[in-house]
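Here is how the chains run, residue by residue.
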Amino acid sequence: MVVLAASVVSKSGKVLVSRQFVDMSRIRIEGLLAAFPKLVGTGKQHTYVETENVRYVYQPIEALYLLLVTNKQSNILEDLDTLRTLSKLVPEYSMSLDEEGICKTAFELIFAFDEVIALGHKENVTVAQVKQYCEMESHEEKLHKLVMQSKINETKDVMKRKASEIDKSKIEKNRGDKGGFMSLQSMGSGRIDSSFNDLSISSTGSGFGSGSNFGLSTEVDSFSTKSKGRAPSAATAPPKGLGMQLGKSQRTNQFLESLKAEGEVILEDVQPKAGQSRSAAPPPTDPVTLTVEEKLNVTLKRDGGVGNFDVQGTLSLQILNQEDAHIQVQIETGGNPSILFKTHPNMNKELFSNENILGLKDPNRPFPTGQTGDASGVGLLKWRMQSTDEAMVPLTINCWPSVSGSETYVSIEYEASAMFDLRNVVVSVPLPALREAPGVRQIDGEWRYDSRNSILEWSILLIDNSNRSGSMEFVVPAADSSIFFPISVRFSATNTFSDLKVVNILPLRGGTPPKFSQRTQLVTENYQVV
Amino acid sequence: MERTEKSCTLLVHFDKGTPALANEIKEALEGNDIEVKIEALKKAIMLLLNNETIPQLFITIIRYVLPSEDHTIQKLLLLYLEIIEKTDSKGKVLPEMILICQNLRNNLQHPNEFIRGVTLRFLCRLNETEIVEPLLPSILTNLEHRHPFVRRNAVLAVMSVYRLPQGEQLLDNAPEIVEKFLSTEQDPSSKRNAFLMLFTCAQDRAVNYLFTHIDRINDWGEQLQMVVLELIRKVCRANKGEKGKYIKIIISLLNAPSTAVVYECAGTLVSLSSAPTAIRAAANTYCQLLLSQSDNNVKLIVLDRLNELRALHREIMIEMVMDVLRALSSPNPDIRRKTLDIVLDLITPRNVDEVVLTLKKEVVKTQGSEHEKNGEYRQMLVQAIHTCAIKFPEVASTVVHLLMDFLGDTNVASAIDVVVFVREIIETNPKLRVSIITRLLDTFYQIRASRVCSCALWIIGEYCLSLSEVESGIATIKQCLGDLPFFTATEEGEGQESSKTSNPVTVSSTTVSSRRPVVLADGTYATQSAALETAMSPPTFVQGSLASIGNLRSLILSGDFFLGAVVACTLTKLVLRLEEVQPSKVEVNKATTQALLIMVSMLQLGQSSAIPHPIDNDSHDRIVLCIRLLCNTGDEVRKIWLQSCRESFVKMLADKQLRETEEKKAEAQISNAQPDDLIDFYHLKSRKGMSQLELEDEVQDDLKRATGEFTKDGDDAFKLNRVLQLTGFSDPVYAEAYVTVHHYDIVLDVTVINRTKETLQNLCLELATMGDLKLVERPQNYTLAPESSKQIKANIKVSSTETGVIFGNIVYEASSNVLDRTVIVLNDIHIDIMDYISPASCADVAFRTMWAEFEWENKVAVNTIIQDEKEFLNHIMKSTNMKCLTPTSALEGDCGFLAANLYAKSIFGEDALVNLSVEKQADGKLSGYIRIRSKTQGIALSLGDKITLKQKGGA
C-alpha cells in the first residue's frame with residue numbers, strides 16, 4: 001500500500017520530474033524509471049506494467065507519461081485513484097503538457113505531489129484542496145501580520161506622543177527666552193540637515209504607513225496630524241523670540257522648517273486643517289468632499305429571522321472654498337428598487353429625478369462652504385431602505401448556549417453575506433457577572449473581556465472571502481441562556497446597500513471641475529441579536 | 001548487504017546545455033527580487049541534484065534566503081535542505097547545520113499553518129537526530145494546532161522521529177502522546193496518520209485502540225480502514241492464535257463502501273485463513289469487483305489475484321468458475337485471455353457442460369457483429385473449447401458442429417484453429433466421425449483460406465471410409481475444382497494478354513511483401529515463395545468460365561500449387577479407398593481416370609504461361625507421384641497411404657498430450673521445494689535493524705524488493721570470477737575491481753592499494769563509459785597512506801543492453817611533489833550482455849511475427865570445432881543464456897541437419913531472437929549460419945559478438 005515514487009517521464013524515456021516517498025537510492029529510482037519506457041508496450045488497453053519487483057501504474061498525457069511506481073502488493077484501486085488525482089493536478093500547474101512545460105513547473109509539481117501522497121500513503125484530498133494548500137494563503141498569517149503592524153504602529157504612536165510632549169514642554173520652557181534665531185538657522189541649517197535626516201524619515205514613514213492601514217489607522221492619523229499640526233506653530237515661535245540655546249526637541253521642527261525653506265515638499269504638512277478631533281473620518285483635504293454614509297439598524301431574532309432591518313443613508317457635501325461652490329453633482333445609484341430617495345428641500349427635484357443630478361433650485365446660489373459644524377457637511381440626499389429579507393442581512397450571528405453540568409458552553413458563529421467586506425467587526429456578548437474572564441475554547445479572531453460591563457467582545461479585523469464564516473466557543477459557569485442576549489454587533493464597510501456613487505461634478509460657471517473626493521461607508525448604528 | 005548509498009528524494013530534469021554559474025546564482029540569491037531569487041534557488045537545487053556541490057552557496061542561502069518571508073522560497077529552501085549533504089564523511093552532522101535549526105523552529109511556530117505543515121513534512125525526511133532534537137517541543141505543540149493540515153503532518157513527523165535509530169530515547173512517550181491525540185482527533189487524515197504511527201511504533205496500543213472502537217469501524221474513513229487491515233495482517237502473522245478476533249472485523253469491512261477497502265479485505269482474508277468460507281468470501285469479493293469495476297487495470301489485477309487463489313485453493317475456485325467467466329463481457333482481449341486461462345484450469349466433469357455452454361454462447365455472439373477484434377476473440381474461444389473437448393471428449397459432440405460453421409471464417413487464424421480442432425476430434429472421438437465428415441463435405445465449399453483447405457482435404461482423405469462418403473468426397477472436390485480443364489488455349493491467349501496488364505501489379509506486390517526470408521515452423525530458414533502469400537489475395541486474372549467457381553479452383557488458379565498437390569494426394573487416397581469399398585470395378589476405374597484428369601490439368605496449368613509463377617518442383621513431383629501411383633497401385637504403397645498417415649497423426653497427438661502432461665508435471669514440481677533444499681532463515685540473513693516480524697512479513701519484503709534493498713544473493717562460488725585486475729602488479733597503485741551487476745545498475749567495488757612508501761594525495765578514480773552506461777556520481781579524492789588500501793565504490797547506471805565498456809584511470813599526487821600528478825591507465829572493464837539476458841519463451845507464431853518485424857539482423861557464420869549438431873546447439877544455448885523454442889522431439893534423430901529457434905528477453909523488455917541452422921559437412925565439420933534479430937541494434941550486435949567469441953567451443 002505504498003507509492004514509491006510519482007514521476008513524469010517523456011515518451012522517449014527522459015525523466016522530467018520524480019518525487020520519491022520512501023528511501024531509495026538514486027541509482028535505483030533512475031534505473032526503474034529508465035526501464036519503464038521500454039516496458040510499456042503499445043496497443044495495450046491497460047495502463048500498468050509489472051516487473052519482478054515493482055508495478056508501474058501510468059497514464060499517458062500527450063507526449064508524457066505520468067507514472068506511479070508502487071510495490072506489487074499495492075492496492076491497485078487506491079493507486080488508480082491517486083493517479084487520477086495527480087493527472088488532474090498536472091495540467092493545473094503546467095500550462096503546456098510537454099517536456100518544456102513540465103521542466104518549467106517541476107518544483108510546483110513536486111509540491112503538489114507532496115500534498116497528495118504522504119510518506120507513500122495516499123491523502124484524501126481534492127484538486128481544489130491541493131491548490132489551496134500550495135497557495136499557502138493563511139488567514140491567520142494575515143491576522144498575525146495585522147496585529148504585528150498595529151503593535152508597531154502603537155509603539156510608534158507612543159514614541160511620537162512622548163516626543164511631542166517633550167517637545168511641547170521644551171517650547172513652553174523656552175518661550176520666554178529671546179534671541180536671534182534666524183542668524184543661527186542660516187548658519188547651522190546645513191549641518192542640522194544632515195544630522196537629522198534619519199529622524200525625519202522615520203516620522204514621515206509612519207505617516208504613510210498608517211494611511212494604508214485600517215482599524216488602528218484613525219488613531220494613528222489623529223496623532224500624526226497632531227504632531228504635524230504643531231509644526232507651523234512651532235516654526236513661527238522662534239522669530240517671536242527664541243534664545244541662542246537650541247533645544248533638542250526643537251531640532252525636528254527646525255529641520256522641517258529649513259527643509260521647507262529649501263523648497264522640499266513635506267507631504268504630511270499638506271493637511272491644512274489641524275483636526276484635533278478624534279472623529280472617524282479624517283478631515284477633508286480636497287476642495288469638494290462628498291460623503292455617502294449608511295447607517296444600519298438591525299434587530300435579528302435569536303432563533304433566526306429578521307426583526308427589524310432598516311438602512312438610512314445620507315449623501316452630504318462639503319466645500320472648502322467659496323469659488324468652488326457653484327456646482328452640481330451627478331450621481332449614480334445602484335438601482336436597488338427598494339430604496340426611496342429624498343432630496344433636500346432646496347434641491348431641484350426634477351433635475352434629480354430626470355438626470356440624477358443634484359443642484360440647487362436657484363442656480364445662482366452657491367452651496368454653503370467652509371467648515372460647518374457638522375463634520376460631514378451639508379446633506380443633499382437621504383434615503384431609506386427597509387426589508388425583512390434575511391438575505392439582505394450582512395452579518396448573521398448564531399448563538400448556542402448549552403448547559404452541561406455546572407458549566408455553560410456557548411458557541412457563537414457568524415455568517416457574513418458575500419455583499420460586503422466587513423471591517424472592525426466587534427460582537428459584544430453580555431455575560432453573567434463573573435469573577436474571572438470566561439474560558440475561550442476556540443476562536444476565529446480575538447477576544448477581550450470587559451469585566452466592568454460583563455461583556456465579552458469578539459473582534460475580527462476583517463471579514464472577507466477568506467472567512468465568510470467563523471466561530472467562537474467559550475465556557476462560563478452555568479447560566480440562563482437568555483443572559484447572553486441581546487448581542488450587539490459593530491462593524492463598518494466601504495460599500496453600501498444603495499451603491500450610490502458620485503460620478504462627476506459639473507461646475508455651473510464653466511472652467512474645470514474642481515477636484516473632489518468621495519467617501520463611502522456603511523456603519524452600524526444599532527445592530528442587535530435579541 | 002548494507003546500504004551505503006544515500007537515499008534520493010527527488011529528481012528533476014536538468015538541461016546541461018545551459019549551465020548556471022555559481023556566481024550568477026549567488027548574485028541572484030543576494031538580490032531582493034523575489035522572482036529572481038526563486039529561479040536562482042531552483043537552479044541551485046538542480047545543480048545540487050546534478051552532483052555539482054557548491055559549498056559556498058550554503059552560507060549565501062543561510063544569509064539571504066533564510067530570512068525571506070515568501071512562501072515559495074521557504075518551500076524551495078526546505079527542498080534544498082532535504083537534498084543537501086548534512087553529514088561529513090564520518091557521518092557526523094556538519095556544524096553549520098545548527099544554523100538551519102533556528103529557522104526550522106521559527107517555521108514550526110509560524111502563524112501560517114501551511115508553513116508549519118510543510119516544515120513538519122520536511123522533518124519526516126530528516127535522518128539527523130542532532131538537527132531534530134532541538135525541534136521536538138515545537139513538533140509536539142503542533143499536535144494541538146487548530147488546523148488539521150498541521151496536525152496531520154505533525155503526527156507523521158512524530159512517527160519519523162520515533163523511528164530514527166535513537167528515536168525511542170528522544171521521544172520515549174511518543175506512543176502515549178499519539179494515543180491521546182488519536183482519541184480526540186476528528187480529522188480523518190490526521191487520525192489515519194496517528195493510527196499509522198501507533199501501528200508502526202507501538203502495535204499493542206494500536207490493537208487496543210482498534211478494539212475499544214470496534215463498533216464504529218464502519219464509519220471510519222477509507223484510509224484508516226486500510227491501515228486497520230494492514231495492522232490485522234501484521235498482528236495475525238505474528239500471533240496466529242488471535243486470528244479469530246479479527247476475522248469479524250474483516251467480514252464487516254467487506255461491506256465497506258470503498259472498493260479499495262473491499263479489495264484489501266479480500267487480500268487480508270486470503271492471507272489470514274485458508275478456511276473454505278473465508279476463501280469463498282474473498283473469491284466472491286474479487287468476482288464482484290471484477291464485474292463492478294470498469295477499469296481494465298483493476299480487472300487484470302483482480303484476475304491475477306483470482307489466479308493465485310486458483311493455484312492455492314482449487315476446490316473453492318471450481319465453484320466460482322461461472323462467476324469468473326462473466327468477465328468475458330469485457331471487450332479487452334487481455335482480460336478475456338486471462339479469464340479463459342483461469343477458467344480452463346478449473347474445469348471439472350461437473351462444470352464442463354456449463355462452461356462450454358457459455359463459451360458457445362460467446363462464440364455465437366461474435367458472429368453477430370463484425371468487429372475487428374471479434375476474430376481474435378473467436379480464435380481464443382475456439383482454442384478454449386478445443387482444450388475443454390480434449391479434456392472431456394464428451395462435450396465435443398455439442399460444440400463441433402457449431403464450430404464447423406466457422407471454417408469459412410474470414411479470420412484465417414480462427415478458421416485454422418477450428419480445422420485443427422476438428423482434425424483432433426475426429427480422431428479421438430470415433431463416434432462423431434460420420435457426422436463430422438458429412439458436415440465437412442457440406443460446408444467445404446465455404447472455406448476460403450488455403451491452409452484451412454489443405455487441412456480439411458486431409459481430413460476428407462483420411463476419414464471418408466464408407467462408400468457413400470468416399471463418393472461424395474470425390475464429388476465435392478470435383479465440384480469445388482469446377483469444370484476442366486483449368487484453361488483453354490483461347491483462354492491462354494486472353495490470360496496472357498491480361499496477365500501482361502496485371503502482372504506488374506502482382507509482381508510488385510509480391511516482391512515487396514515476400515522477398516524476406518522467414519523462419520518456418522520447424523525452425524528452418526527459408527525464402528518464402530510468393531505463391532503462399534498471394535494465395536490469400538483473390539485471384540486477379542484467370543477467372544473460371546463458370547459462374548459458380550469453386551473455392552479450390554480460384555485458389556489453384558491464383559498459383560497455389562501446394563494446395564494442388566494436396567488435392568492430388570487427397571484424390572489418390574480417396575480412389576485407393578474406393579477400390580476397397582466399391583465392388584464395381586467400373587466405378588473405380590471411372591473415378592481413377594477422373595482423378596488423373598484433374599492432376600494432369602493441374603500440371604498443365606502449372607506449366608502454362610497463364611500463371612505468374614510456374615509450378616514449384618515439390619508440388620510437381622508430388623502430383624506426378626500421385627499419377628504414377630494411381631496408374632500402378634501396389635499393396636505396400638496402399639498401406640503407406642491408407643494407414644501410415646493416420647498412424648503418424650495418432651502418434652503426434654499422443655506426443656502432444658504427453659508433452660503437455662509433462663510440462664504440467666514439471667510446473668507442479670517447481671513449486672515444491674526439494675526435500676534436500678536449503679532452508680532460508682530470514683533472521684539469519686545479513687540485514688540490520690529489522691525486527692523478526694518485519695522479516696516475516698511478505699508485504700514488507702515486497703516493499704524492500706521494490707526499493708532495491710533486497711537483492712538475491714548470488715552464488716558465492718562465482719563471485720570471485722568477477723574480480724578484474726585493473727592495474728599491473730608493478731604499478732605504484734594496484735587496483736582491482738569486483739563487479740556486481742544489479743538490475744539496472746552496476747556497482748564497481750574497487751580496491752586500491754598504495755604500493756609505495758609515500759603518502760599519495762588527491763588520489764582519484766576517474767571513470768569514463770562507452771555505450772548506454774552512465775556514471776552516477778562524481779569521483780571523490782582520497783589520501784592514501786603508504787602501503788595502505790582503500791575501497792572505492794562506483795555506481796554505474798545501465799539503460800539498455802548494449803555492450804558497455806568502462807575506461808578509467810587513477811590519478812594521484814605524491815606527497816613530496818604536490819604539483820606532479822601521476823596517471824595510471826586502467827584495464828578496460830567490459831560489461832557482459834549476458835547479465836541482462838534471461839531465457840524466455842514465446843509462442844511460435846509470436847516468434848515468427850517478431851522475426852518478420854525486427855529490423856536488425858546479424859548473421860554469424862558457424863565456425864566451430866564441435867562436431868555434433870546438438871552439442872553445438874547446447875553450447876550456444878549455454879553461452880548465450882537463451883532458450884530453445886523448437887521442441888526437443890523435432891530435434892531428435894540424426895540427419896545431418898539442425899534448425900532451431902532460440903529466444904531470450906532482456907530485463908529492459910527487449911526481445912532477442914536467434915535462429916540456428918547448421919549442416920554437417922562431409923568432412924565432419926559443421927557449417928551454417930546463426931542469425932540474430934532484434935528490434936535494437938545493440939542486442940543484435942552484442943549478441944553476435946558474444947556468439948562469435950564463444951562459438952568455437954571446446955575450451
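Within every chain, residues take consecutive numbers counted from 1 along the sequence as written. Naming scheme: in the order in which they are written, chains are lettered from A and ligands are numbered from 1. Reporting of local features is limited, given that this is a predicted model, to residues whose pLDDT is at least 70; pairs of side-chain atoms are given and counted only at 80 or more, and all residues count toward the totals for whole chains, interfaces and linings. As a rule here, side-chain values come from all non-hydrogen atoms in the structure, and water together with hydrogens is ignored.

1. Examining the overall build of chain A
(1) Moving on: Helix and strand definitions here come from DSSP, where helices need a minimum of 4 consecutive H or I residues and strands a minimum of 2 consecutive E residues; each element is numbered from the N-terminal end. For chain A, the count of helices and strands is 10 helices and 23 strands.
(2) Moving on: Type-normalised accessible area, obtained with a 1.4 Å probe on protein chains alone, sets the label of each residue: buried when under 20%, exposed when over 50%, and partly exposed for intermediate values. Among the 530 residues that make up chain A, the fraction classed as buried is 48%.
(3) Moving on: Contacts spanning at least 24 positions in sequence make up 70% of the contacts within chain A whose residues lie at least 6 apart.
(4) Moving on: Computed with a 1.4 Å probe, the accessible areas rest on the Shrake-Rupley method; for each residue, only the protein chains presented here act as cover. Here chain A has roughly 25100 Å² of accessible surface; of this, 51% comes from carbon and sulfur atoms. Contacts are residue-level and defined by heavy atoms, with any inter-residue pair within 4.5 Å sufficient.

2. Regarding the overall build of chain B
(1) Moving on: A count of helices and strands for chain B gives 42 helices and 19 strands.
(2) Moving on: The buried share among the 955 residues of chain B stands at 51%.
(3) Moving on: Look at the contacts in chain B between residues 6 or more apart in sequence, and 66% of them connect residues 24 or more apart.
(4) Moving on: Of the roughly 45300 Å² of accessible surface on chain B, a fraction of 52% belongs to carbon and sulfur atoms.

3. Notes on the sheet that holds strand β8 (residues 773–775) of chain B
(1) Moving on: What makes two strands pair is DSSP finding at least two bridges between them. Read from one edge of the open sheet, five strands run β4-β5-β6-β10-β8 (chain B), paired in antiparallel fashion. Edge positions in the sheet fall to β4 (723–725) and β8 of chain B, since each has one partner strand and no second. Ignoring which end each strand starts from, the neighbouring axes of this sheet average 30 degrees apart.
(2) Moving on: Examined bridge by bridge, strand β6 (residues 745–754) of chain B and strand β10 (residues 789–798) of chain B share nine bridges and lie antiparallel to one another. Residue Val750 of chain B lies in a different strand from β10 of chain B, and its bridge partner there is Ile792 of chain B.
(3) Moving on: Here an angle of 0 to 180 degrees is reported between the N-to-C directions of two axes, which are lines fitted to C-alpha atoms, with helices fitted over the stretch in contact. Set on the sheet, helix α1 (residues 26–39) of chain A makes contact with β6, β8 and β10 of chain B; between it and β10 of chain B the angle comes to about 20 degrees.

4. A look at the pattern of salt bridges
(1) Moving on: Salt bridge, as used here: a side-chain nitrogen of Lys or Arg that lies within 4 Å of a carboxyl oxygen of Asp or Glu. Following the criterion strictly, the structure yields 45 salt bridges over all chains and no others.
(2) Moving on: Across the pair Asp187 of chain B and Arg152 of chain B runs a salt bridge whose closest N-O atoms are separated by 3.6 Å. In this pair, Asp187 of chain B sits in the loop between α11 (174–184) and α12 (188–201) while Arg152 of chain B sits in helix α9 (residues 148–163), placing the two residues 35 residues apart along the sequence.
(3) Moving on: Owing to a relative accessible area of 14%, Asp187 of chain B belongs among the buried residues under this scheme.
(4) Moving on: With its nearest N and O atoms 2.6 Å apart, the salt bridge here joins Glu857 of chain B to Arg933 of chain B. With Glu857 of chain B in strand β15 (residues 856–861) and Arg933 of chain B in strand β19 (residues 926–934), the pair connects residues that are 76 residues apart, well separated along the chain.
(5) Moving on: Judged by relative accessible area, Glu857 of chain B falls into the partly exposed class, the value being 33%.
(6) Moving on: Taken together, the shared-partner salt bridges in this structure form one network comprising Arg19 and Asp114 of chain A together with Glu82 and Arg125 of chain B.

5. Observations concerning the interface of chain B and chain A
(1) Moving on: Opposite the 86 residues of chain B that make contact, chain A presents 75 residues.
(2) Moving on: Of the roughly 7300 Å² buried where chain B meets chain A, counting both sides, 55% is carbon and sulfur surface.
(3) Moving on: The interface formed by chain B and chain A contains eight salt bridges.
(4) Moving on: Taking the shortest distance from any N to any O, the salt bridge between Arg146 of chain B and Asp444 of chain A comes out at 3.7 Å.
(5) Moving on: Identification of polar contacts relies on pairs of N or O atoms within 3.5 Å, with a donor-acceptor requirement for protein atoms, meaning one able to donate a hydrogen and the other able to accept it, and with residues adjacent in sequence counted only if both atoms are side-chain atoms. The tally of links from chain B across to chain A stands at 21 residue pairs in polar contact (both at pLDDT 80 or more).
(6) Moving on: Residues are sorted three ways: Asp, Glu, Lys and Arg are charged, Ala, Val, Leu, Ile, Met, Phe, Trp, Tyr, Cys and Pro are nonpolar, and all the rest, Gly among them, are polar. Within the side of chain B that touches chain A, the residues separate by chemical class into 34 nonpolar, 23 polar and 29 charged.
(7) Moving on: Bridge count between strand β2 (residues 15–20) of chain A and strand β1 (residues 10–12) of chain B: three bridges; the pairing is antiparallel. In the strand pairing of β1 of chain B, Arg19 of chain A is matched with Leu10 of chain B. Buried area is calculated as the accessible area (1.4 Å probe) missing from two parts once they are joined, with the contributions of both summed.

6. Structural notes on the side chain of His313 of chain B
(1) Moving on: Secondary-structure assignment places His313 of chain B in the loop between α18 (296–312) and α19 (314–319).
(2) Moving on: In contact with His313 of chain B, not counting residues within four places along its chain, are Ser274 and Ile279 of chain B.

7. Topic: the environment of Asp172 of chain B
Residues and elements named next belong to chain B.
(1) Moving on: Structurally, Asp172 is set in the loop between α10 (167–170) and α11.
(2) Moving on: Exposure remark for Asp172: the relative accessible area of 56% places this residue in the exposed category.
(3) Moving on: Along the primary structure Asp172 and Tyr162 are separated by 10 residues, whereas in three dimensions their C-alpha atoms are 8.0 Å apart.

8. Let's talk about the packing of aromatic side chains
Within a pair of aromatic rings, the relevant descriptors are the distance that separates the centres and the angle that separates the planes.
(1) Moving on: Here the aromatic set is Phe, Tyr and Trp, taking the six-membered ring for Trp, and pairing holds for ring centres within 6.5 Å; pairs whose planes are under 30 degrees apart are stacked, those over 60 apart are edge-to-face, and all others are tilted. Applying the stated criterion to the full structure yields 23 aromatic pairs over all chains.
(2) Moving on: Aromatic side chains Phe36 of chain A and Tyr58 of chain A sit 5.3 Å apart centroid to centroid with 65 degrees between the ring planes, which places their arrangement in the edge-to-face category. Of this pair, Phe36 of chain A sits in helix α1 while Tyr58 of chain A sits in strand β4 (residues 54–61), and the two are 22 residues apart along the sequence.
(3) Moving on: Judged by relative accessible area, Tyr58 of chain A falls into the buried class, the value being 4%.
(4) Moving on: Ring geometry for Tyr209 of chain B and Trp220 of chain B: centres 5.8 Å apart, planes at 20 degrees, overall stacked.

9. Re unusual backbone geometry
All names here are of chain A.
(1) Moving on: Omega for the peptide link from Phe485 to Pro486 comes to -5 degrees, which places this bond in the cis form.
(2) Moving on: Looking at the element boundaries, Pro486 is found in the loop between β20 (469–477) and β21 (487–493).
(3) Moving on: One non-glycine residue, Asn424, lies in the positive phi region at around 50 degrees.
(4) Moving on: Along the chain, the position of Asn424 falls in strand β16 (residues 422–430).

10. Some details on the packing of α9 of chain B against α12 of chain B
All names here are of chain B.
(1) Moving on: At a minimum axis distance of 8 Å, the contact between α9 and α12 shows a crossing angle of 10 degrees. The pairing of α9 with α12 is recorded here as roughly parallel in orientation. Of the residues in α12, those touching α9 at Pro148, Arg151, Arg152, Val155, Leu156, Val158, Met159, Tyr162 and Arg163 are Ser189, Ser190, Asn193, Ala194, Leu196, Met197, Thr200 and Cys201.
(2) Moving on: Of the residues that constitute the contact of α9 with α12, the class distribution is 10 nonpolar, four polar and three charged. Throughout, the term roughly parallel applies to angles under 35 degrees, roughly antiparallel to angles over 145, roughly perpendicular to angles from 65 to 115, and oblique to all others.

11. Some points on the confidence of the model for chain A
Residue and element names in this part refer to chain A.
(1) Moving on: On average, residues of chain A carry a pLDDT of 75, and 77% of them reach 70 or more.
(2) Moving on: Here pLDDT means the predictor's own confidence in every residue, given as a number from 0 to 100. Across residues 178–249 the pLDDT falls below 50, and counting only partners more than four positions away or on other chains, this stretch makes 80 contacts in the model.
(3) Moving on: This stretch, residues 265–281, has a pLDDT under 50; its non-local contacts, to residues over four places away or in other chains, come to 20 contacts.

12. Details of the pairing of strand β15 (residues 407–416) of chain A
Residue and element names in this part refer to chain A.
(1) Moving on: On β15, burial follows the alternation: Thr408, Val410, Ile412, Tyr414 and Ala416 on one face are buried, whereas Glu407, Tyr409, Ser411, Glu413 and Glu415 on the facing-out side are not.
(2) Moving on: Where strand β14 (residues 395–404) lies against β15, 10 bridges are found, and the strand directions are antiparallel. Looking at the pairing, Ser402 lines up with Tyr409 of β15.
(3) Moving on: Here β14 folds back onto β15, and the loop between the two strands holds two residues, one of which, Gly405, carries a positive phi near 65 degrees.
(4) Moving on: Note: β15 against β20, nine bridges, orientation antiparallel. Its bridge partner being in β20, Glu413 is matched across the sheet by Ser471.

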